[in-house]
Amino acid sequence: MKKSKVLYIFYFFLLLLLITSVVLIFLAFASPVREINFHAPNGKIIIDNYSVKQLDSIEGKYKNVTIIPEYREVILTVLGNYPEFENVKINFEYSSERTTMASRPDVLVSLFDDRTYNVFINNNKDFEGILLSDVPRKAQIGVMAHELAHILQYEGYSNTGILQLGLMFIDEESQKIFERETDMRTISRGFGEHLKAWAQYSMYDSPKATQEYKEFKRRIYMSPKEIEEEMKNYSCYDEIKK
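Undergrad: For this particular structure, what's the right way to read the side chain of arginine 180?
TA: Here arginine 180 is to be found in helix H7 (residues 172-205). On the basis of relative accessibility, which here comes to 19%, the residue arginine 180 falls in the buried class. A polar contact is formed between the side chain of arginine 180 and the side chain of glutamate 226, at a distance of 3.2 Å. Apart from the residues within four sequence positions on either side, arginine 180 is in contact with Arg218, Arg219, Ile220, Tyr221, Met222 and Glu226.

Okay, here's the thing in structure tokens:
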């Protein structure tokens, strides 16, 4: 009886390995689904001091978005500059992440219903990196804009394309390419100054983040200087240059 049970377990894991291999082979050889609308620049610098009435108006346009009240102002400030999301399902929620924030498609929901995205905000008090609650407002807008730029990127892929995209995070070099492309997209949307504030804080100024965390940020994401250089490609930042 014991021997039979061991065999069943062995066959189960063998089948699981076979299924995993088939999926990976399929993803490796499937025609890559390229993203659309890489930059989609706004052509303007972001307004980040909306009135209460303006924020209420923005919230009314994004009826499929569930926000966290604590970050309502920051979320709506950023959302208002992504009109593509007015009919997109996005859930902001607290979670324990390995980083400050993360945005991902809800794969299970998306398989059977409209594409849904989760934006996770880390609220783990033992986190050795940076909690959003400790970040200056301008930098909060920067990292929030970066996470929504990820969703803009995901929107250009089919479900198969998103699974392929997930394989990019197997190695750090691919992750670097992915995150820097997202930084470029964030800059093109008009959030350059906000993203630079986030890069400066997360890579150098945070009093709580470990050196290991800061070094990871410097390896993977665009530096404040690189962000400044990229901003020169967009006329919406001309006033800052003067």
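Undergrad: Hey, could you run me through empty space enclosed by the protein in this one?
TA: Summary: where empty space remains is shown by rolling a probe the size of a single water molecule over the atoms. For the coordinates displayed, the defined rule picks out two cavities of 30 Å³ or more. Its volume calculated, the largest cavity comes out at about 60 Å³. Lining the largest cavity are His146, Asp183, Leu195, Trp198, Ala199, Ser202, Lys217, Tyr221, Met222 and Ile227. Grouping the constituent residues of the lining of the largest cavity by class yields six nonpolar, two polar and two charged. Space inside the second largest cavity adds up to approximately 40 Å³.

Undergrad: Mind showing me how you'd approach the pairing of strand E4 (residues 116-122) here?
TA: Taken residue by residue, a regular strand's side chains alternate between the two faces of the sheet. For E4, the tally of buried residues reaches seven of seven residues, placing the bulk of the element in the interior. The alternating pattern of E4 places Thr116, Asn118, Phe120 and Asn122 and Tyr117, Val119 and Ile121 on opposite faces, both of which are buried. Judged from the seven bridges that link them, strand E2 (residues 89-95) and E4 form a sheet pairing that is parallel. Bridged to asparagine 91 within E4 is asparagine 118.

Undergrad: Hey, could you run me through the pairing of strand E3 (residues 101-105) in this one?
TA: Within E3, four of the five residues are buried, which leaves it mostly tucked inside the rest of the structure. Where E3 meets E4, five bridges bridge the pair, whose relative direction is antiparallel. Looking at E4, one finds that alanine 102 is bridged to phenylalanine 120.

Undergrad: Help me out: how do you make sense of the packing of aromatic side chains in this one?
TA: Centre distance and the angle of the planes are the two values used to describe a pair of aromatic rings. Under the definition given, this model contains five aromatic pairs. Relative to phenylalanine 85, the ring of tyrosine 82 lies with its centre 5.2 Å away and its plane at 10 degrees, an arrangement referred to as stacked. The exposure classification of tyrosine 82 matches that of phenylalanine 85, with both residues buried. Judged by centre distance (6.2 Å) and plane angle (10 degrees), the ring pair of tyrosine 117 and tyrosine 154 falls under stacked. In this pair, tyrosine 117 is assigned in strand E4 and tyrosine 154 in helix H5 (residues 137-154), connecting sequence segments 37 residues apart. Residues tyrosine 117 and tyrosine 154 agree in their burial class; the two are buried.

Undergrad: Hey, could you run me through the confidence of the model for the chain in this one?
TA: Taken residue by residue, the chain gives an average pLDDT of 82. The fraction at 70 or more is 74%. Contacts of residues 21-40 to residues separated by more than four positions or lying in other chains number 34 contacts, the stretch itself having pLDDT below 50.

Undergrad: In this structure, what is going on with the nonpolar core? I would like to understand it.
TA: The nonpolar side chains of a soluble globular protein tend to be buried with one another. With 58 residues, the main nonpolar core has Tyr82, Phe85, Ile90, Phe92, Met144 and Leu148 as its most contacted residues. Of all the elements in the fold, those that place two or more residues in this core are helix H2 (52-61), helix H3 (72-79), E2, E4, H5, H7, helix H8 (211-220) and helix H9 (224-231). Counting residues per element, this core draws most heavily on H5, which supplies ten residues. In this view, isoleucine 90 contacts Asn64, Val65, Thr66, Phe85, Tyr117, Val119 and Ile151; residues no more than four positions away in its chain are not counted.

Undergrad: Would you mind showing me how to read the sheet that holds strand E1 (residues 65-66) here?
TA: Strand pairing in a sheet relies on backbone hydrogen bonds, with the paired strands running either antiparallel or parallel. Strands sit in the order E1-E2-E4-E3 across an open sheet of four strands; the sheet is mixed. On the outer flanks of this sheet lie E1 and E3, each paired with one strand and no other. Sheet topology places E1 next to E2; two bridges connect them, and they run parallel. Each residue of the ladder has a partner; that of threonine 66, found in E2, is asparagine 91. The strands touched by H5 are E2, E3 and E4; relative to E3, the strand with the most contacts, the crossing angle is about 15 degrees.

Thresholds applied
Residues numbered from 1 in each chain as written. Predicted model: local features only at pLDDT ≥ 70, side-chain atom pairs only at ≥ 80, totals over all residues. Heavy atoms only, no water. Helix = DSSP H or I, 4+ residues; strand = E, 2+ residues; numbered from the N terminus. Buried < 20%, exposed > 50% of the residue type's maximum accessible area, 1.4 Å probe, protein only. Polar contact = N/O pair within 3.5 Å; in protein donor to acceptor, adjacent residues only side chain to side chain. Contact = heavy atoms within 4.5 Å. 1 Å grid on protein atoms, 1.4 Å probe; cavity = no way out; pocket = protein on both sides within 12 Å on 5 of 7 lines; lining within 4 Å. Points joined across faces, edges and corners; volume = space filled by probe spheres on them. Nonpolar A, V, L, I, M, F, W, Y, C, P; charged D, E, K, R; others polar. Pairing = 2+ DSSP bridges. Phe/Tyr/Trp six-rings, centres within 6.5 Å; stacked < 30°, edge-to-face > 60°. pLDDT = per-residue confidence, 0-100. Core = buried A, V, L, I, M, F, W, Y, C linked by side-chain atoms within 4.5 Å. Axes fitted to C-alpha atoms, helices over the stretch in contact; angles between N-to-C directions.

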